[in-house]
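A closer look at the structure
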Amino acid sequence: MKFNTALSIVGTILLNIAGSLCQLDVCGQAPLNNKIVGGQDATAGSWPWQVSIQSTKFGGHFCGGSLINKDWVLSAAHCFQSSAGTIEIYLGLRSQLGSNPYQAYRTAISVINHPNYDHTTNDNDMALLQLSSSVTFSNYIRPVCLAATGSKFAAGTYSWVTGWGALQSGGQAANILQEVMIPIVSNSDCDDAYGGSITSNMICAGLLNEGGKDSCQGDSGGPMVIKNDSLWIQFGVVSFGIGCADPRYPGVYSRISEYQDWISSYTGSNPPGFVEFNNSAFRSSPNLFLYAISLTFSIIPFICSLYLSS
C-alpha cells in the first residue's frame, strides 16, 4: 500500500514535469520571424502566439491576448469587466479585414479574471481564457514562453509589443497586425511619471521624454515579449497608459513573472513553458535538477507525444 502510494505520487510529479518540459519544447519559437503607435506592419507568422479577441457586442476586435498552451490564452482583466456576449478568439490572424489563410477560430468557454484585480489602479490586470477546443500548433499558431518567477528586466532593455490597436490616441484600430520595439522604463521612473501608482506587479516601457512609440486602445491584453537566444519570452501584458506615445507617460504592463503560480493553478497538467530571464542568462522552470532527473525516465518521450498529439 505504501509502495503504491509512493508510486502514485512519483507518477503525478513526473506527469507535471513532463507537461512543462513538453511545453518548453514548443513555446517561444517563431520560425517565420527573421506599428502599434510608431510601429510597422508585422509579416504573417512573425508573432504566432498573438490572438485577436472579438465580440459582436463590440463590433469585432476589442482586445489582444497570447496563446500560452494548446488550451489557454493570456489577456488582461480590464477587458472583461462587462458582459461581452460570446467571446471569439482568432489565432494565426494578420489582417482584421483581409484574407487569413492560416487562421483558426475558437470561442472562450471560461474567462478567469485575477481575483485581486483592482479596476481603480489596474493592479493584477491579468485574465485567462479557456479555449472551446485545443488548437494544433503550426508555424503560424504556437504558444509563447512566459517569464518565470524571479525574472529580472533591466531598464533600457528593448522589447516588442504587438496588436491591432489604434495607430494614434483616439484613432481607428489597425487592420494589419502591428509591431513596435520599445525600451523598458524603470519602475521608479515610471512611478514618478504616474504620481506613485506603479506597483511591483507592473512593468513599464516606452520612450520616456521622447514619445512616438507605444501600445494604444485595442492593444490591451496583448503581449510584450523579449528574445533570449532562440526563445521569445512574454514578460508583460498590455494594461494601461495615459494617452498613446505621450512622452510624459510610458505604457504600463502587468508583470507576468509575478503570476506564475496563479497561471499554473488553472492550466493543470499542461502548464505553459516558464523561462527565467535575468538579462544575462536564462534557465527553464522547473529547475535543472528536476529536469535532469526527468530525462532519466524513458516514459517522458511517450508522455510528451500524448500531450502534443492531443
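Residues numbered from 1 in each chain as written. Predicted model: local features only at pLDDT ≥ 70, side-chain atom pairs only at ≥ 80, totals over all residues. Heavy atoms only, no water.

Taking an unreviewed UniProt entry as the reference, the protein is identified by name as Peptidase S1 domain-containing protein belonging to Cirrhinus molitorella.

Quick look at the nonpolar core
One finds Leu-74, Ile-89 and Ile-263 to be the most contacted residues of the largest nonpolar core, which totals 45 residues. Per-element accounting of this core gives the leading share, 4 residues, to strand E7 (residues 127-131). With residues up to four places along the chain from it excluded, the contact list for Ile-263 reads Ile-68, Leu-74, Leu-128, Leu-146, Ile-256, Pro-272 and Phe-274. Membership of the second largest hydrophobic core comes to 20 residues, among which are Leu-24, Ala-147, Val-180 and Ile-182. (Core = buried A, V, L, I, M, F, W, Y, C linked by side-chain atoms within 4.5 Å. Buried < 20%, exposed > 50% of the residue type's maximum accessible area, 1.4 Å probe, protein only. Helix = DSSP H or I, 4+ residues; strand = E, 2+ residues; numbered from the N terminus. Contact = heavy atoms within 4.5 Å.)

A word on the side chain of Asp-71
You can see Asp-71 is positioned in the loop between strand E3 (60-67) and strand E4 (72-75). Reaching out from Asp-71, the side chain makes a polar contact with the side chain of Lys-70 at a distance of 3.0 Å. Every residue in contact with Asp-71, bar those within four places of it in the chain, is listed here: Leu-129, Gln-130, Leu-131, Ser-133 and Ser-134. (Polar contact = N/O pair within 3.5 Å; in protein donor to acceptor, adjacent residues only side chain to side chain.)

Section: the confidence of the model for the protein
Of the residues in the protein, 81% reach a pLDDT of 70 or more, and the chain-wide mean stands at 84. Ignoring residues within four places in sequence, the model shows residues 1-20, a span with pLDDT below 50, making 21 contacts including any to other chains. Every residue in residues 280-310 scores below 50 in pLDDT, and together they form 41 contacts with partners more than four places removed in sequence or on other chains. (pLDDT = per-residue confidence, 0-100.)

Comments concerning the environment of Ser-95
Tracing the sequence through the fold places Ser-95 in the loop between strand E5 (88-91) and strand E6 (104-113). In this structure Ser-95 comes out as buried when scored by relative accessible area, which is 7%. Sequence separation of Ser-95 and Leu-177 is 82 residues, and the distance between their C-alpha atoms is 6.4 Å. Not counting residues up to four positions away in its chain, the partners in contact with Ser-95 are Asn-100, Asn-175 and Ile-176. Engagement of the side chain of Ser-95 in a polar contact is seen with the backbone nitrogen of Leu-97, the distance being 3.2 Å. At 3.1 Å, the side chain of Ser-95 forms a polar contact with the side chain of Asn-175.

Quick notes on unusual backbone geometry
Positioned with a positive phi, Asn-124 is a non-glycine residue whose angle comes to about 60°. Secondary-structure assignment places Asn-124 in the loop between E6 and E7. Residue classification places Asn-124 among the buried positions, given a relative accessible area of 12%. If you check the backbone angles, Ala-245 has positive phi at about 65° while not being a glycine. Overall, the relative accessible area of 13% leaves Ala-245 in the buried class.

Thoughts on the sheet that holds E5
The strand order around the closed barrel formed by 6 strands is E2-E3-E4-E7-E6-E5, and the pairing between neighbours is antiparallel. On average, each strand axis in the sheet is inclined to that of its neighbour by 40°, with strand direction left out of account. Bridge analysis of E3 against E4 gives 2 bridges, and the strand direction is antiparallel. Looking at E4, one finds that Ser-66 is bridged to Leu-74. Docked against the sheet, helix H3 (residues 260-267) engages E4, E6 and E7, running at close to 20° with respect to E7. (Pairing = 2+ DSSP bridges. Axes fitted to C-alpha atoms, helices over the stretch in contact; angles between N-to-C directions.)

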